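# Architecture at a glance
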Amino acid sequence: MAGPWLLGPGDGDGTTDARALLIAVHRQDEDEDGPGSELSLRELERLAEADGLTVAGTLVQSRGRPDPATYLGSGKAGELADEVARTRATVVIADGELTPAQARNLQDRAGVRVVDRTALILDIFAGHARSREGRLQVELAQIAYQLPRLRGGGREMSRVGGGRTAGGAGIGVRGPGEMRLELQRRRLRQRAARLREGAGELALRRERTRHRRARNLIPSVAVTGYTNAGKSALVNRLAGADLQTRDEPFATLDPAVRRVTVDGRTFTLTDTVGFVRHLPHQLVDAFRSTLEEVSHSDLALHVVDASAPDALNQITTVHGVLHEIGAGAVPELLVLNKIDIAPPEWVDALQRAYPEAVAVSALTGDRVVALRTAVAARLRDLGRPGRLVGRYRE
Ligand SMILES: Nc1nc2c(ncn2[C@@H]2O[C@H](COP(=O)(O)OP(=O)(O)OP(=O)(O)O)[C@@H](O)[C@H]2O)c(=O)[nH]1
Ligand SMILES: [Mg+2]
């Protein structure tokens, strides 16, 4: 299954005319980056584009809270089909999480596929996963997302045989739809069990490599941060590496380890998957072993895009995810990146909020030497100075 789902297999190269209509319920009382906010919608647009979709339009409703049955209020939900026709959308994406029932009800009205932000992010991951481990993890996350959303192959389900309604002859009688649903569920669970086995083996291998490095006294620095902050670009600068960098979310899914030597002492730098607000919990669960690279490291180099207007919110999001994966206590060195394009007053404000942060440009290389020194000094302070190599060896 791993492979984009919204576009169908093989269409992930952006050559199809898959058009997305973005919808949102915006709650006034919510944070400035909640669903339906300017920030969140712009991000959803970027995510849709990263998945090869063309954004065809946006429909936002201001409302106290989403309707439990139809997400949008009934009036707006009724307009959905017209809006889909007008924008020639082939898929509708909600900027928030839809319950399985909300997605079904909206889909019945829209006449095209209706998914949520979570499904979109899973889809991007599916399209970008390259390694065996990455693919396994994405598929596990997809199954976790799909299980509660299976429909059993059609509407006949609850009508034939009365489903499981209490009272009368319906009890214990299962219609063909329900049996099909049971069968689909069982198949998915079996597949998930097999995938988990494979993922477990790969996680073990990862752990062994980590132990070997620790035995060799090589400290590990994990490069973490919001997606598109410039983590891979910074690893390239610090380690003279050649990792792929792209101006789109989730370019990196598979961790990459590179060695860096400063004053004769070596440490490893691990490039990792970026975070985003409302990162689907299915992904966090499935990618736990990859994400653990951060929790097992000696230092987290937290890269911030200082040119992002919501840099402070992004820092909070990253801290939240790090905490969730058990990496909250790992010592952190904050890096304010992209100072070549960030307005100086924004960099100053971030620097005031985080006085120990080091400001750099991974693109121009400005202040990268100072960062290398700062990382080495911090490792020394942490009692993990690294093993001496080459002519420095004692
Ligand atoms: N102007 C400028 N652009 C930068 C800088 N660092 C990175 N970029 C650009 O920002 C974009 C994202 O960079 P990446 O290194 O791919 O970012 P990432 O954090 O690894 O992103 P993901 O792996 O997708 O989470 C690319 O287009 C880079 O060229 C910088 O210091 N200045
Ligand atoms: Mg990257």
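The rules we used
- Residues numbered from 1 in each chain as written.
- Chains lettered and ligands numbered in written order.
- Predicted model: local features only at pLDDT ≥ 70, side-chain atom pairs only at ≥ 80, totals over all residues.
- UniProt positions renumbered as here; feature names shortened; annotations may be inferred.
- Helix = DSSP H or I, 4+ residues; strand = E, 2+ residues; numbered from the N terminus.
- Buried ≥ 20, exposed ≤ 12 C-beta atoms within 10 Å, placed from the backbone.
- Contact = placed C-beta atoms within 7 Å.
- Near = placed C-beta within 6 Å.
- Nonpolar A, V, L, I, M, F, W, Y, C, P; charged D, E, K, R; others polar.
- Axes fitted to C-alpha atoms, helices over the stretch in contact; angles between N-to-C directions.
- Parallel < 35°, antiparallel > 145°, perpendicular 65-115°, else oblique.
- Left-handed = near helix turned anticlockwise from the far one by under 90°.
- Pairing = 2+ DSSP bridges.

In the annotation of an unreviewed UniProt entry, the protein is listed under the name GTPase HflX and assigned to Actinoplanes auranticolor. What the UniProt record of the protein gives under Subcellular location (unreviewed entry) is the line "Cytoplasm". The Function (unreviewed entry) comment attached to the protein in UniProt states, word for word, "GTPase that associates with the 50S ribosomal subunit and may have a role during protein synthesis or ribosome biogenesis."

Take the environment of Arg185 next. Looking at where Arg185 falls in the secondary structure, it is placed in helix H7 (residues 176-215). Given 15 C-beta atoms within 10 Å, Arg185 falls into the partly exposed group. Sequence separation between Arg185 and Leu150 is 35 residues, and the spatial gap between their C-alpha atoms is 7.7 Å. Setting aside chain neighbours within four positions, we find Arg185 in contact with Leu147 and Leu150.

In this section: the site of ligand 1. Taken together, 22 residues surround ligand 1, and among them Gly230, Asp247, Thr252, Gly274 and Leu363 come closest. No other element matches helix H8 (residues 231-239), which puts 3 residues into the shell around ligand 1. In terms of residue class, the shell around ligand 1 is made up of 8 nonpolar, 9 polar and 5 charged.

What follows concerns the packing of helix H2 (residues 74-87) against helix H3 (residues 100-110). Describing two packed helices takes the angle between their axes plus the distance from one axis to the other. Running from amino to carboxyl end, H2 crosses H3 at an angle of 50°, the nearest separation of the two axes being 8 Å. Between H2 and H3, the angle is such that the two are oblique. Crossing handedness for the pair H2 and H3: right-handed. Across from Ala77, Gly78, Leu80, Ala81 and Val84 in H2, the residues of H3 making contact are Leu106, Arg109 and Ala110. The residue makeup of the contact of H2 with H3, split by class, is 6 nonpolar, 1 polar and 1 charged.

In terms of burial, strand S8 (residues 299-305) is a largely internal element, 7 of the 7 residues being buried. Taking every second residue as pointing to the same face, both faces of S8 are buried, with Leu299, Leu301, Val303 and Asp305 on one and Ala300, His302 and Val304 on the other. Taken together, the 5 bridges between strand S5 (residues 220-225) and S8 define a ladder with parallel strand orientation. Note on S8: the bridge partner recorded for Gly225 is Val303. Across 6 bridges, the pairing between S8 and strand S9 (residues 332-337) is parallel.

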